[in-house]
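Each chain, written out:
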Amino acid sequence: MNFAFGHRNTLPVYLDEEERDGLRAAGEFNSQLLDFLRPHIKEGVTTNEINALAHQYTLDHGHVPACLGYRGYPKSLCTSVNDCVCHGIPDDRPLQSGDMVNVDCTTVVDGWYGDSSETFLIGDVSDEARRVTQAAFDSLWLAIRTIEPYSSVLEIGLAIARFARDQGLGVVENFQGHGIGRMFHQDPGIPHFPVKKSRKDILVPGVCFTIEPMLNLGSAHTKGPLSDGWTVLTADGSLSAQFEHQILMTELGPEVLTLTKNGPQEGHKF
Ligand code: MF3
Ligand code: CO
Ligand code: CO
């Protein structure tokens, strides 16, 4: 999520039980889509082929690919390879052994948005690629386990940034998580580093949002979007990894709406 997109609700939306079920169904379908794509995300496959599979699977199930046409975005998902931080546009380059690729899917199910992503390691990757991927995954779960009803959003940024910076990794500041529901991006914004205003954003039961940390092996700075209008790279060319889950805060604690069946689960070692 780009800061520049802005949030269109001034207040976060608190959902009742029926609305929560709508969002649960969207999160579940989005994870099902990632599980469907999983075996195809391998050496020799182009990101355009992954895009086509996702597009068709979503339509076949009667749902809508949210990225396609979103602010003019040309494809049905984002594929961010190696030093691409986010919003990479699928193309005809086959994935190669040693690549890392974040696949970020968003779908609309009966008017509710589901949004989640994973970084996939292709073939034999460097220790450094594995390290930044592990850290991005662990930082997401650390943040999830840090929050409880009425936590402030600030706690998310504090947890992720402390964890990543201790490992010498850059925490991207130009893009953040976001509230989500009947809109793709809404309040509250979820920065992955401490921002003072987040202290006032309280995770009241019924709020739904994403956490989607982007960690860089080098500097946190980004460049772009490129002339395609979307692609964002690390400023120094270093590798970047990201994971995203969609989370509903309930009276009992955070509920992760986008758990996959076959993907890396909490505690996974890459
Ligand atoms: N899925 C991204 C997010 O996590 C947003 C992608 S917008 C697109 O917020 F237009 F690039 F698809
Ligand atoms: Co998102
Ligand atoms: Co996303």
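Above this note sits the structure.
The following refers to the structure shown. (Residues numbered from 1 in each chain as written. Chains lettered and ligands numbered in written order. Predicted model: local features only at pLDDT ≥ 70, side-chain atom pairs only at ≥ 80, totals over all residues. Heavy atoms only, no water.)

### Points about helix H2 (residues 47-60)
Think of an α-helix as turning once every 3.6 residues; residues three or four places apart then point the same way.
Now for step 1: Its 14 residues place the ends of H2 20 Å apart at the C-alpha level, agreeing with the 20 Å of an ideal helix rising 1.5 Å per residue.
Now for step 2: All buried positions along H2 are accounted for by Thr 47, Asn 48, Ile 50, Asn 51, Ala 54, Tyr 57 and Thr 58.
Now for step 3: Elements that come into contact with the buried residues of H2 comprise helix H1 (17-37), strand E1 (64-65), strand E2 (77-81) and strand E4 (100-109).
Now for step 4: Following H2 by one or two positions, Gly 62 adopts a phi angle in the positive range, close to 80°. (Helix = DSSP H or I, 4+ residues; strand = E, 2+ residues; numbered from the N terminus. Expected span 1.5 Å × (residues − 1). Buried < 20%, exposed > 50% of the residue type's maximum accessible area, 1.4 Å probe, protein only. Contact = heavy atoms within 4.5 Å.)

### Things to note about the layout of surface pockets
Now for step 1: Roughly 180 Å³ of internal volume is contained in the largest pocket.
Now for step 2: Lining the largest pocket are Thr 47, Thr 79, Val 81, Cys 84, Gly 88, Ile 89, Asp 91, Arg 93, Leu 95, Thr 231 and Leu 233.
Now for step 3: Its residues assigned to classes, the lining of the largest pocket comprises five nonpolar, four polar and two charged. (1 Å grid on protein atoms, 1.4 Å probe; cavity = no way out; pocket = protein on both sides within 12 Å on 5 of 7 lines; lining within 4 Å. Points joined across faces, edges and corners; volume = space filled by probe spheres on them. Nonpolar A, V, L, I, M, F, W, Y, C, P; charged D, E, K, R; others polar.)

### Observations concerning the packing of aromatic side chains
Now for step 1: Per the stated rule, a full pass over the model turns up eight aromatic pairs.
Now for step 2: For the ring pair Phe 137 and Phe 243, a centre distance of 5.1 Å and an interplane angle of 75° mean the geometry is edge-to-face. One end of the pair, Phe 137, is in helix H3 (residues 127-146); the other, Phe 243, is in the loop between strand E13 (240-242) and strand E14 (245-250), with 106 residues separating them in the sequence.
Now for step 3: Phe 137 gets classed as buried once you look at its relative accessible area, which sits at 3%.
Now for step 4: You can call Phe 243 buried: its relative accessible area is 2%.
Now for step 5: Look at Phe 243 and Phe 270: their rings are 5.6 Å apart centre to centre, the planes differ by 45°, and that puts the pair in the tilted class. Highlighted residues: Phe 243 in the loop between E13 and E14 and Phe 270 in the segment after strand E15 (253-256), separated in sequence by 27 residues. (Phe/Tyr/Trp six-rings, centres within 6.5 Å; stacked < 30°, edge-to-face > 60°.)

### Things to note about the sheet that holds strand E10 (residues 214-216)
Now for step 1: Reading across from one edge, E6-E10-E13 is the order of the three strands in this open sheet, with antiparallel pairing throughout. A strand with exactly one partner marks an edge of an open sheet, and here the two such strands are strand E6 (170-171) and E13.
Now for step 2: As paired elements, E6 and E10 share two bridges and run antiparallel to each other. In the strand pairing of E10, Val 171 is matched with Leu 215.
Now for step 3: Taken strand by strand, H3 contacts E10 and E13, and its axis lies near 150° from that of E10. (Pairing = 2+ DSSP bridges. Axes fitted to C-alpha atoms, helices over the stretch in contact; angles between N-to-C directions.)

### What about unusual backbone geometry?
Now for step 1: Put simply, Asp 187 and Pro 188 share a cis peptide bond, and its omega is 0°.
Now for step 2: Summarising the element assignment, Pro 188 is placed in strand E8 (residues 186-190).
Now for step 3: In this chain, Gly 224 is followed by Pro 225 through a cis amide linkage whose omega measures 0°.
Now for step 4: Looking at where Pro 225 falls in the secondary structure, it is placed in the loop between strand E11 (222-223) and strand E12 (232-234).
Now for step 5: Despite not being glycine, Arg 71 has its phi angle at roughly 50°, a positive value.
Now for step 6: Tracing the chain through its elements places Arg 71 in the loop between E1 and E2.
Now for step 7: Classification of Arg 71 as partly exposed rests on a relative accessible area of 44%.

### Section: the coordination of the cobalt ion (ligand 2)
Now for step 1: In the first shell of the cobalt ion (ligand 2), the protein supplies Asp 115 (OD), His 178 (NE2), Glu 212 (OE) and Glu 244 (OE), at 2.0 to 2.2 Å from the metal.
Now for step 2: What the six donor atoms of the cobalt ion (ligand 2) show is an angle range of 50 to 161° at the metal, which sorts the shape as irregular.
Now for step 3: Within one chain, the residues donating to the cobalt ion (ligand 2) are spaced in sequence as D-x62-H-x33-E-x31-E.
Now for step 4: In this structure the cobalt ion (ligand 3) is found 3.3 Å away from the cobalt ion (ligand 2), and Asp 115 serves as a bridging donor for the pair. Linking His 178 in strand E7 (residues 177-179) with Glu 244 in the loop between E13 and E14, this pair joins segments that are 66 residues apart in sequence. (Donors = N, O, S within 2.8 Å, 3.2 Å for Na, K, Ca; no water. Tetrahedral: all angles 85-135°; square planar, octahedral: opposite > 155°, others 65-115°.)

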